[in-house]
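# Results of the structural survey
Take a look at the letters that make up each chain.
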Amino acid sequence: MTLIDSLRAEARAAPESGIVAVVNYGRLREGLIPLWAGEGDLPTPAFISDAAARGLSNGETFYTWQKGIPDLRQALARYYARHFARTFPEEQFIVTGSGMHAIQLALDALAGAGDEVIYLSPAWPNFDAAAAISGAVPVPVTLDNSGNGWSCDVEKIAAAITPRTRALFINTPSNPTGWTADRETLQAILDLARAKNLWIIADEIYSLFHYGHGRAPSFLDIATAEDRILFVNSFSKNWAMTGWRVGWIKTHPSLQQVFENLIQYSNSGVAQFMQRGAIAALDEGDGFVAEQVERARKARDLICGILGATGRARFTVPQGAFYLFFAVDGITDSRAAAFEIVDKANVGLAPGTAFGPGGEAFLRLCFHRRLDQIEEAAHRLAKWMKSV
């Protein structure tokens, strides 16, 4: 038996990221425009970094509250009061070591070996993989894609439920499709979860990156205090903090100790000086977020206009998040296409094969960058499309 054969089957089966494979192939290409990752091109703004630096210089380098310092949990309560018009006590917030950590803790709390967790696909691949590593069974339900765009058929979710189903993972606005659930769809999903006694893991990380009027609809608009919903979120996207690895969970206060225990036995808490930066992001960052959303809106419209004019690209203009998920007529193998685009267009995209069922024919482009780079990338892609 080899060393790798002696590992857990779930660990051995953990897939290589289909996104990272393309990144590793093209990251050193001179002049390449990297639109493959889910992040913008701006560094963390100074008002956040300076707050963290002050905490560091003040000696906030010791063990701290595993669930997050009170100041940060209070700042999260203020954030929700402003953006969701709901008042929550600080006991409903748990600080985590990234949004991914929040998802992992939610899975640890809800699903064990053989339990099923339903998610909407195409989807960010980390949830599927994390559920499988935990021993649970991830069950994809594909979003519908038609001339009217992406949509969720709640009856398909209902049909996928079995006696082993424990939770529904709902990401809206969606990475990668940009699909954004309306209030009626959220109500139908919540009604189904209530009827079947299921939990919802609500990933609303892109709720402020919404191109309608104000933030995107949320389960918080319709939920009661006793609904079985875990909200997972991250500081990464809104405040240009992808490398910080800080997130949070919003949960019922009766579950606080459970999640504090799970944090104790995973990363044991987020560095206190980093939490100072997160407080500044929440309390001082609304203007920065608004600027980033407007910048992304302009980039979205620019890329959609140029690619749409080719007559070769098929897509739905995204309602939320900052990705264009598009197909190219005649291209069926998006993984091979992503490598070819690196070689021939010098643009980095993520292949739709990385996002599971329903995504195979698509490519994901992150347009949360400078307009001149988006315009140049769009023209390079348009030229490539004409050549295939």
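Relevant structure appears above.
Described in the following lines is the structure provided in the data block.

Cut-off values and rules
Residues numbered from 1 in each chain as written. Predicted model: local features only at pLDDT ≥ 70, side-chain atom pairs only at ≥ 80, totals over all residues. Heavy atoms only, no water. Axes fitted to C-alpha atoms, helices over the stretch in contact; angles between N-to-C directions. Helix = DSSP H or I, 4+ residues; strand = E, 2+ residues; numbered from the N terminus. Parallel < 35°, antiparallel > 145°, perpendicular 65-115°, else oblique. Left-handed = near helix turned anticlockwise from the far one by under 90°. Contact = heavy atoms within 4.5 Å. Nonpolar A, V, L, I, M, F, W, Y, C, P; charged D, E, K, R; others polar. Disulfide = S-S within 2.5 Å. Buried < 20%, exposed > 50% of the residue type's maximum accessible area, 1.4 Å probe, protein only.

### Observations regarding the packing of helix α4 (residues 70-84) against helix α10 (residues 272-284)
Running from N to C, α4 and α10 point in directions that differ by 20°, and their axes come no closer than 9 Å. By the angle between their directions, the pair α4 and α10 is classed as roughly parallel. As α4 runs across α10, the sense of the crossing is left-handed. Between α4 and α10, the residues in contact are D71, L72, A75, L76, R78, Y79 and R82 and Q275, R276, A278, I279, L282 and D283, respectively. Within the contact of α4 with α10, the residues separate by chemical class into seven nonpolar, one polar and five charged.

### Focus on the environment of V154
Structurally, V154 is set in helix α7 (residues 154-160). Counting along the chain gives 135 residues from V154 to V289, while the straight-line C-alpha distance between them is 32 Å. Beyond its immediate stretch of four places on either side in the chain, V154 contacts T185, A188, I189 and L192.

### Overview of unusual backbone geometry
Excluding glycine, residues mostly carry a negative phi; peptide bonds, for their part, are mostly trans. The residue after S121, namely P122, is reached through a cis peptide bond having omega 5°. Turning to its location among the elements, P122 is positioned in the loop between β3 (116-121) and α6 (125-133). With an omega dihedral of -10°, the bond running from T172 to P173 counts as a cis peptide bond. Positioned with a positive phi, A85 is a non-glycine residue whose angle comes to about 55°.

### Digging into the state of the cysteines
Scanning all chains against the criterion turns up zero disulfides. The thiol sulfur of C304 is not disulfide-bonded, and the nearest other cysteine sulfur, from C366, lies at 13 Å. For C304, a relative accessible area of 9% gives the class buried.

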